[in-house]
Amino acid sequence: MQKFYYDLHIHTALSPCADDDMTPNDIVGMALLNGLDIIAITDHNSLQNAPAVINSAKGKSLVIIPGLEVSTAEEVHVLCLFPCLKTAQVFEDELNEVRSKVENRKDIFGNQLIYDENDRITAEINELLIAPTEISFDALHAKINKYGGAFIPAHIDRDSFSVLSNLGFLPPDLDIKTLEISQNGKAKGFMEETGGKYANNQIITSSDAHRLWEINERLNYIELPELTAKAVINYLR
């Protein structure tokens, strides 16, 4: 087993709340500069910039995990990570059917830009991506398992958009292996405050970066037999 340093929660300029300079090459470059081995691209309810990031990282010592940060019908944010782009795209096709049709107000929420691997803008998404979808927390869990992905409730320590703040509890009937705690929550001792309530869950901490300078340095690691996307997903599942 080897230690590999990760940041599994990074937004590109496709997320309206992220800076426009969160482009594929800038993200890959910053991740490499920071000494990371693995990053996940997790835009809100869309996968459209993941292919460009993956292409930007070709030939470099950085594994890109394709993913999304899905907002459920209950407005719970969940990281949905996949072992390969093809599987992630099949999932996204289904998610698009239940995605909100509310139009984005760029003057209020920001741009939603799609880039190619050379950081050229190729398109924009008009529907507001940060709006909740129509899929429930339980149904999303079942769908991610169907596609062999990792279902990770995001930043569970936060007072909004988390499973604990919006549902009030972690559903005991769902087999959820990994939870994400924000870096701020980790620093403030969230796990200690909960008295070991989630001791049986695996905990990850990522940046939730919306700006380049927020991408993690070599802070958090996981131990894997090999540096592949499949090994990462197997670890998280």
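These numbers come from a predicted model, not from an experiment.

1. Here's the deal with the state of the cysteines
Counted under the stated rule, the structure contains zero disulfides. Lacking any disulfide linkage, Cys17 is separated from the closest cysteine sulfur, that of Cys80, by 16 Å. In this model Cys80 remains outside any disulfide bridge; the closest cysteine sulfur is found in Cys84, 15 Å from its own. You can call Cys80 buried: its relative accessible area is 0%.

2. A closer look at the side chain of Thr42
Relative to the assigned elements, Thr42 resides in strand E2 (residues 38–44). Residue Thr42 is classed as buried on the basis of its relative accessible area, which comes to 0%.

3. Let's talk about the pattern of salt bridges
One side chain can pair with another of opposite charge once the charged atoms of both are near each other. Here the structure, examined in full by the defined rule, presents eight salt bridges. The partner of Arg105 in a salt bridge is Asp107, and the shortest N-O contact between them spans 2.7 Å. Taking relative accessible area as the criterion, Arg105 reaches 45% and is therefore assigned partly exposed. With a shortest N-O distance of 3.0 Å, Asp208 and Arg158 are connected by a salt bridge. Residue Asp208 is located in the loop between strand E9 (202–204) and strand E10 (221–224), and its partner Arg158 is located in the loop between strand E7 (150–153) and helix H6 (163–166); the two are separated by 50 residues in the primary sequence. In this structure Asp208 comes out as buried when scored by relative accessible area, which is 10%.

4. Things to note about the pairing of E2
Burial of E2 is extensive: seven of the seven residues sit out of reach of the surface. Neither face of E2 is open: one carries Ile38, Ala40, Thr42 and His44, the other Ile39, Ile41 and Asp43, and all of them are buried. Pairing of strand E1 (residues 2–10) with E2, which is carried by three bridges, proceeds in the parallel orientation. Bridge assignment links Ile10 to a residue of E2, and that residue is Ile41. Strand direction decides the pairing type here: E2 and strand E3 (residues 63–71), joined by seven bridges, are parallel. Across the sheet, Thr42 pairs through a bridge with Gly67, a residue of E3. In this region the chain leaves E2, passes through helix H2 (residues 50–56) and returns to the parallel neighbour E3; the handedness of that crossover is right-handed.

Definitions and cut-offs
Residues numbered from 1 in each chain as written. Predicted model: local features only at pLDDT ≥ 70, side-chain atom pairs only at ≥ 80, totals over all residues. Heavy atoms only, no water. Disulfide = S-S within 2.5 Å. Buried < 20%, exposed > 50% of the residue type's maximum accessible area, 1.4 Å probe, protein only. Helix = DSSP H or I, 4+ residues; strand = E, 2+ residues; numbered from the N terminus. Salt bridge = Lys/Arg side-chain N within 4 Å of Asp/Glu carboxyl O. Pairing = 2+ DSSP bridges. Right-handed = clockwise from strand over helix to strand, strands pointing away.

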